Structure formats: C-alpha cells, structure tokens
Amino acid sequence: MKDEAKSIMMGAMPRERAVRALAATLPLDQLERIGQIRHIGPCPFNGVTAYHVVLGVPQGKVTLLVMPGATVRPERRARHEGMYATVIALRGGGVGIIGTDAVVVDSVAGALRA
C-alpha cells in the first residue's frame, strides 16, 4: 500500500485486458462481489508480472497483489508498521491481501477462498 500511488500513476489496465489477465486466478466478477474495484494495473514482482488491485470494501480498502501462476505454500501472515497481510493460494496462482485492519484482511481472504 505504501507504493500504491506510484502504481496508480503508472496507469490502470482497460477492463477487458484485466479480465483476461486475471481470469485463471481471480475473476473480476468474484472481486466485484466483495467490493468496488478502484484500480488494476500490472506490477513487476519477483521477475514476473503480478497485478496490483485496490479494492474498496465496506470497512475501508485493501490492496491485493494477484500472482497468476505462482505457487503459494500454506497461508502466510505478516504484520509490519501498522499493516497486515495474508497470502493465500487460489486456483491458478496466489493473492496477497494487505490492509490496515487484520479483521478486514482476514474477511477478504475468506471471501476470496469461497
């Protein structure tokens, strides 16, 4: 979330391209059932292209890092400088969920797994 403004300034993807890029890991319609998509854009991560998503939810917002094709080990959690993160495995890849409220991060992770 600290580099969110930089990512947003780099530009968002057209919806059709985002639908194709995320289809195998996290379909946009699933995200839209959870909250309002405010931004989607490509994001270099570990030598591959991941996708940065800003998702507005009733309790605030979370940032997602969608990693198509990534192998994610059992769920991982972290806390640092007032931020909370969970990384979960989904079909076709993984997703990192980052936010300022651990309960919201966990709630979004649960909704993504459903």
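Use the structure listed above.
The structure presented is a predicted model; accordingly, all values stated were derived computationally and were not measured.

Asks: Tell me about the nonpolar core, and please be specific about residues and values.
Replies: Grouped together as the largest cluster of nonpolar side chains are 24 residues, with contacts concentrated most on Leu64, Val95, Ile97, Val108 and Leu112. Secondary structure elements with two or more residues in this core: helix H2 (15–22), helix H3 (28–34), strand S2 (48–57), strand S3 (60–68), strand S5 (83–90), strand S6 (93–99) and helix H4 (102–113). In terms of residue count, the dominant contributor to this core is H4 (five residues). Here Leu64 is in contact with Leu26, Leu31, Tyr51, His52, Val53, Leu55, Val95, Gly96, Ile97, Val108 and Leu112, once residues within four sequence places are set aside.

Asks: Break down the sheet that holds strand S1 (residues 36–45) for me, citing the residues and quoting the values.
Replies: Taken together, six strands build an open sheet; the order of strands is S1-S2-S3-S6-S5-S4 and the sheet is antiparallel. Each end of this open sheet is capped by a strand with a single partner; those strands are S1 and strand S4 (76–80). Averaged over all adjacent pairs, the angle separating strand axes in this sheet is 20°, with direction ignored. As paired strands, S1 and S2 are joined by nine bridges and run antiparallel to one another. Bridged to Pro44 within S2 is Thr49. Against the sheet, H2 contacts S1, S2 and S3, and its axis sits at roughly 60° relative to S1.

Asks: Could you give me a rundown of the pairing of S6, with the residues and numbers involved?
Replies: The element S6 is extensively covered by neighbouring structure, given that six of its seven residues are classed as buried. In terms of strand pairing, S3 meets S6 through six bridges, oriented antiparallel. Following the sheet pairing, Thr63 is matched in S6 by Ile98. By the bridge criterion, seven bridges tie S5 to S6 in an arrangement that is antiparallel. Along S6, the bridge assignment pairs Leu90 with Gly93. Following S5, the chain reverses through two residues before pairing antiparallel with S6; Gly92 in that reversal takes a positive phi of roughly 80°.

What counts and how
- Residues numbered from 1 in each chain as written.
- Predicted model: local features only at pLDDT ≥ 70, side-chain atom pairs only at ≥ 80, totals over all residues.
- Heavy atoms only, no water.
- Core = buried A, V, L, I, M, F, W, Y, C linked by side-chain atoms within 4.5 Å.
- Buried < 20%, exposed > 50% of the residue type's maximum accessible area, 1.4 Å probe, protein only.
- Helix = DSSP H or I, 4+ residues; strand = E, 2+ residues; numbered from the N terminus.
- Contact = heavy atoms within 4.5 Å.
- Pairing = 2+ DSSP bridges.
- Axes fitted to C-alpha atoms, helices over the stretch in contact; angles between N-to-C directions.

Keep in mind these numbers describe shape, not what the thing actually does.
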